[in-house]
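Remarks on the overall topology
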Amino acid sequence: MKSEWITNYEGNEIKITNNWFSGEKLFVNNELQDEQLNFITPSNMTGNLIDRNGKQLQLKTNISGLFTVSCRLFIDNKKVTLKQIA
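What counts and what doesn't
Residues numbered from 1 in each chain as written. Predicted model: local features only at pLDDT ≥ 70, side-chain atom pairs only at ≥ 80, totals over all residues. Heavy atoms only, no water. Helix = DSSP H or I, 4+ residues; strand = E, 2+ residues; numbered from the N terminus. Contact = heavy atoms within 4.5 Å. Polar contact = N/O pair within 3.5 Å; in protein donor to acceptor, adjacent residues only side chain to side chain. Buried < 20%, exposed > 50% of the residue type's maximum accessible area, 1.4 Å probe, protein only. Pairing = 2+ DSSP bridges.

As for its placement among the helices and strands, Thr-61 is situated in strand β6 (residues 56-64). In sequence terms Thr-61 and Asn-12 are 49 residues apart; their C-alpha atoms lie 16 Å from each other. Apart from residues no more than four positions distant in its own chain, Thr-61 is found in contact with Ile-16, Leu-26, Ser-43, Asn-44, Met-45, Cys-71, Arg-72 and Leu-73. Within the structure, Thr-61 has its side chain in polar contact with the backbone oxygen of Arg-72 (distance 2.7 Å).

Encoded structure:
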């Protein structure tokens with residue numbers, strides 16, 4: 001089973017993927033920022049991006065669930081809405 005979420009933040013594309021076989025991955029502008037191979041415990045990943053003013057922002061994301069998978073993304077400790085596309 002594969003799940004995928006995406007959002008655009010200040011011109012940066014953020015994509016989070018979850019796959020039973022290859023684990024969880026966090027991409028910013030198609031560059032891999034973090035990955036986890038957890039199959040039982042909730043996944044926590046981190047990364048960063050540069051905003052329009054040149055400031056580095058911290059990303060935190062977590063994926064949880066077994067039958068229904070959910071994903072949350074925080075940028076500088078503020079929750080960001082994700083769109084599930086797969």
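Below, the discussion takes up the environment of Phe-21. Along the polypeptide, Phe-21 turns up in the loop between β2 (12-19) and β3 (23-28). Among the residues examined, Phe-21 registers a relative accessible area of 74% and is labelled exposed. In this structure the C-alpha to C-alpha distance between Phe-21 and Ile-75, which are 54 residues apart in sequence, comes to 27 Å.

Here we come to the pairing of strand β5 (residues 43-50). Here β5 shows a buried face lined by Ser-43, Met-45, Gly-47 and Leu-49 and an unburied face lined by Asn-44, Thr-46, Asn-48 and Ile-50. Pairing between β5 and β6: 8 bridges, direction antiparallel. Among the inter-strand pairings, Thr-46 is bridged to a residue of β6, identified as Lys-60. A loop of 5 residues connects β5 with β6, the two strands running antiparallel in sequence, and Gly-54 in this loop sits at a positive phi of about 85 degrees.

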